[in-house]
Amino acid sequence: MTAIIGITGGIGSGKSTVCKVFKLLGVPLFEADVVAGKLINSNSEIRNELVQLFGKDIYSADNKLNRKKLAELIFNNDVLLEKVNNIVHPAVRSEFMNWIKQQKQAYVIHEAAILFESGFYKMMDFTILVSAPEEMRIERVVKRNSIPREQVIARMAKQWPDVEKRKFATLQLVNDNKNLLIPQIIEIDKKLKTNGKIW
């Protein structure tokens, strides 16, 4: 029986880095946010619903979503954001269920930015929260994305704080440049491959 491990973390926490290490260890990785991005352009049902919600110009002539426009429309509108999530999330879940049927390894990783917020964590066997001090996260994103500090803080304010996410996490990985990250990941990998448990 393949165990499903959900991994999440706020912007700048190092969630993607952790997932890359698991991938290097040969663990299959399902990137929910990447899959959602593809489905938004390729799934005609999603496209039709988004057009109904926002109008035809939410897509370009070659059926590519105008991501910048969508982001501007939903950033400060929680009602619209929830509507978009309700359109996209079921399709992502369906893709995941099809994907998991093909996996034979001891465990797989499901990476998602809003794993807890979406309620999808309930489908996981275990969950890992990747965390880092707030100031460190801000600095990482400013450097990585070349965007103003205020913009990063505004994005972080839209996400659940770590204190809330910890309530739902089986385990927390601290990525603060003090606790070595790779040994923590290797230890988890060893436990999962040996006895199918995360502790």
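This text follows the structure it describes.
Overview of the structure. (Residues numbered from 1 in each chain as written. Predicted model: local features only at pLDDT ≥ 70, side-chain atom pairs only at ≥ 80, totals over all residues. Heavy atoms only, no water.)

Of note in this structure, Asn63 is not a glycine but carries a positive phi near 65 degrees. Among the structural elements, Asn63 can be located in the loop between α3 (44-54) and α4 (67-74). (Helix = DSSP H or I, 4+ residues; strand = E, 2+ residues; numbered from the N terminus.)

Moving on, we come to the sheet that holds strand β4 (residues 126-131). The strands making up a sheet associate through hydrogen bonds between their backbones, and the pairing can be parallel or antiparallel. Ordered in space as β2-β3-β1-β4-β5, the five strands form an open sheet in which the pairing is parallel. Two strands bound the open sheet, and with one partner strand each, they are β2 (29-31) and β5 (171-174). For this sheet the average axis-to-axis angle between neighbouring strands, irrespective of direction, equals 25 degrees. When strand β1 (residues 3-8) meets strand β3 (residues 107-111), the two strands line up parallel, connected through five bridges. When the bridges of β3 are listed, Ala3 appears paired with Tyr107. Along the sheet face, helix α1 (residues 15-24) touches β1, β2, β3, β4 and β5 and points at about 160 degrees away from the line of β3. (Pairing = 2+ DSSP bridges. Axes fitted to C-alpha atoms, helices over the stretch in contact; angles between N-to-C directions. Contact = heavy atoms within 4.5 Å.)

Before going further, it helps to spend a moment on helix α5 (residues 78-101). Helix length check: α5 (24 residues) gives 34 Å between terminal C-alpha atoms against 34 Å at 1.5 Å per residue, within 8%. Val88 marks where α5 bends most, by close to 30 degrees; the proline Pro90 follows one to four residues later. Here α5 has its buried residues at Leu80, Val84, Ile87, Val88, Ala91, Val92, Phe96, Trp99 and Ile100. Next to the buried residues of α5 lie β1, β2, α2 (32-42), α3, α4 and β3. Capping of α5 at its N-terminal end is provided by Asn77; its side-chain oxygen lies 3.2 Å from the backbone amide nitrogen of Val79. (Expected span 1.5 Å × (residues − 1). Bend = angle between axes of the 7 residues up to and from the residue. Buried < 20%, exposed > 50% of the residue type's maximum accessible area, 1.4 Å probe, protein only. Polar contact = N/O pair within 3.5 Å; in protein donor to acceptor, adjacent residues only side chain to side chain.)

Glancing now at the pattern of salt bridges. Tallying each qualifying case throughout the model produces seven salt bridges. Here Glu135 ties to Arg149 by a salt bridge, and the two come within 2.8 Å at their closest N and O atoms. Separated by 14 residues along the polypeptide, Glu135 in helix α6 (residues 134-145) and Arg149 in helix α7 (residues 149-157) bring together distant segments of the chain. Residue Glu135 is classed as partly exposed on the basis of its relative accessible area of 38%. A salt bridge links Lys190 to Glu187, with the shortest nitrogen-to-oxygen separation between them at 3.9 Å. Within this pair, Lys190 and its partner Glu187 are both found in helix α9 (residues 181-195), separated by three residues, close to a single helical turn. Overall, the relative accessible area of 49% leaves Lys190 in the partly exposed class. Within the structure, one salt-bridge network assembled from shared partners comprises Glu187, Lys190 and Lys191. (Salt bridge = Lys/Arg side-chain N within 4 Å of Asp/Glu carboxyl O.)

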